[in-house]
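Coordinate inspection notes
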Amino acid sequence: MIGFPRRIWPEVRAGTGFGALLYPVMVFGVGIVVNLLLQAITGRSVSSPRQLPAHLSAAGVAISIAYGVVIAPVHEELFFRGILFRSLADRYGFATGALLAGTAMNSLGTLPPGNLSLERDADVPVAPGGRERGYPKPDNERVFDKLSSVYLSGNRTRDDAPSHIRVDRKVRREVAEAWRHMCPAQVYELAGEASPAGNVVDVEVTASNCIQCGAISAKGGRLTPPEGGDGPEYSLM
Ligand code: SF4
């Protein structure tokens, strides 16, 4: 989508030619139809935004042309096709995603009206990918295990401090494993490792290891300030 083609000039010629043909079609064909549609739907007259001030310096004109010809299309490509279309296609499938993203782009965000409903992060099923198997094993010279890393950070949280982590202690094994992988400080341990996916396992929480990175809040946990606002104490910093 974005990148340098091997034969650049044929691409430039084709892009310029089709662009020159497409421009009047979009402005006088699609533009007029969309304008009439928007007026009918919203009941308001739609006027073109004033894109540029009346008096621009030569540098201002050059920057505006560069923005219109290069930056705006890249921005549009990144946002509408890179972010919006992908997230809609993931959620509703390719055809519906393409229709919704295309409608949103061509109506400048007016359609579809309202806000799309989103599910909470915690409600999205966890899909274990097994990537951890590719991680290098700790050798405690260049790669350190989590507990050694917490020790080396100089974290001095009291072991008897009340736990500030609000998580369910009985969850499905996939969720418990996600917490264990996400947490950089080995706060979560699983009981019943051998139980199959879908089974509920006990989660042991060692809150004093926590370095308050907040990662757990992405998947159902809640981090509260320990002891009314205290935090990890780093003796090396
Ligand atoms: S905040 Fe970070 S370090 Fe603390 S328990 Fe959550 S993931 Fe682990």
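Residues numbered from 1 in each chain as written. Predicted model: local features only at pLDDT ≥ 70, side-chain atom pairs only at ≥ 80, totals over all residues.

1. Let's talk about the overall build of the protein chain
Looking only at helices and strands, one finds five helices and five strands in the protein chain. Ordered by position from N to C terminus, the α and β elements of the protein chain give α-α-α-α-β-β-α-β-β-β. On C-alpha atoms alone, the protein chain measures out to a radius of gyration of 27 Å, which is more than a quarter above the 18 Å that the 2.2 N^0.38 rule sets for 237 residues. Expressed as lengths along the three principal axes of its C-alpha atoms, the size of the protein chain is roughly 70 × 40 × 40 Å. In the protein chain, which comprises 237 residues, the share counted as buried stands at 8%. Partitioning the contacts of the protein chain with sequence separation of at least 6, the portion at a separation of at least 24 is 60%. (Helix = DSSP H or I, 4+ residues; strand = E, 2+ residues; numbered from the N terminus. Rg over C-alpha atoms; globule rule 2.2 N^0.38 Å. Buried ≥ 20, exposed ≤ 12 C-beta atoms within 10 Å, placed from the backbone. Contact = placed C-beta atoms within 7 Å.)

2. A closer look at the domain arrangement of the protein chain
Where interface size is quoted, it is often the accessible area lost as the parts come together. In terms of domains, the protein chain is made up of domain 1 (8-46 + 55-106) and domain 2 (131-228). Computed over C-alpha atoms, the centres of domain 1 and domain 2 are 46 Å apart. (Domains from an automatic or database assignment.)

3. Structural notes on the environment of Arg180
For Arg180, the position within the fold is in helix 5 (residues 173-182). Judged by the 16 C-beta atoms lying within 10 Å of it, Arg180 falls in the partly exposed class. Beyond its immediate sequence surroundings of up to four residues, Arg180 is in contact with Tyr188, Glu189 and Leu190.

4. A closer look at the site of the ligand
Lining the immediate surroundings of the ligand are 14 residues, of which Cys183, Val187, Cys210, Cys213 and Ile216 lie closest. In terms of residue class, the shell around the ligand is built from 12 nonpolar, two polar and no charged. (Near = placed C-beta within 6 Å. Nonpolar A, V, L, I, M, F, W, Y, C, P; charged D, E, K, R; others polar.)

5. Examining the nonpolar core
Among the nonpolar cores identified, the biggest contains 14 residues, and Ala176, Trp179, Cys183, Tyr188 and Val203 are the most heavily contacted of them. Counting residues per element, this core draws most heavily on helix 5, at four residues. (Core = buried A, V, L, I, M, F, W, Y, C linked by C-beta atoms within 7 Å.)

6. Remarks on the sheet that holds strand 4 (residues 200-205)
Taking strand neighbours across the sheet as the criterion, the three strands line up as 2-4-3 in an open arrangement whose pairing is antiparallel. Of all strands in the sheet, those with a lone pairing partner are strand 2 (170-172) and strand 3 (188-190), marking the two edges. Within this sheet the neighbouring strands show an average axis-to-axis angle of 45 degrees, counted without direction. One ladder, built from three bridges, connects strand 3 with strand 4; its direction is antiparallel. Bridged to Glu189 within strand 4 is Glu204. Lying over the sheet, helix 5 contacts strand 2, strand 3 and strand 4, oriented at roughly 140 degrees with respect to strand 3. (Pairing = 2+ DSSP bridges. Axes fitted to C-alpha atoms, helices over the stretch in contact; angles between N-to-C directions.)

7. Re the pairing of strand 4
In this sheet, strand 4 lies alongside strand 2 in antiparallel orientation, the contact comprising three bridges. When the bridges of strand 4 are listed, Val171 appears paired with Val201.

8. Structural notes on the confidence of the model for the protein chain
Taken over all residues, the pLDDT of the protein chain has a mean of 82, while the share at 70 or more is 92%. Ranking the elements of the protein chain by mean pLDDT puts strand 5 (residues 222-223) last, at 72, and strand 3 first, at 91. (pLDDT = per-residue confidence, 0-100.)

9. A short note on the environment of Gly154
On the secondary structure map, Gly154 appears in the loop between helix 4 (146-153) and strand 1 (165-166). Separated by 80 residues in sequence, Gly154 and Tyr234 place their C-alpha atoms 5.0 Å apart. Aside from chain neighbours lying at most four places away, what touches Gly154 is Tyr234, Ser235 and Leu236.

10. A short note on unusual backbone geometry
A positive phi is found at Asn140, a non-glycine position, where the angle reads about 55 degrees. Position of Asn140 among the secondary structure elements: in the loop between helix 3 (94-106) and helix 4. For Asn140, a count of 10 C-beta atoms within 10 Å gives the class exposed. Phi is positive for Gln186, which is not a glycine, with a value near 50 degrees. Looking at the element boundaries, Gln186 is found in the loop between helix 5 and strand 3. For Gln186, a count of 16 C-beta atoms within 10 Å translates into the label partly exposed.

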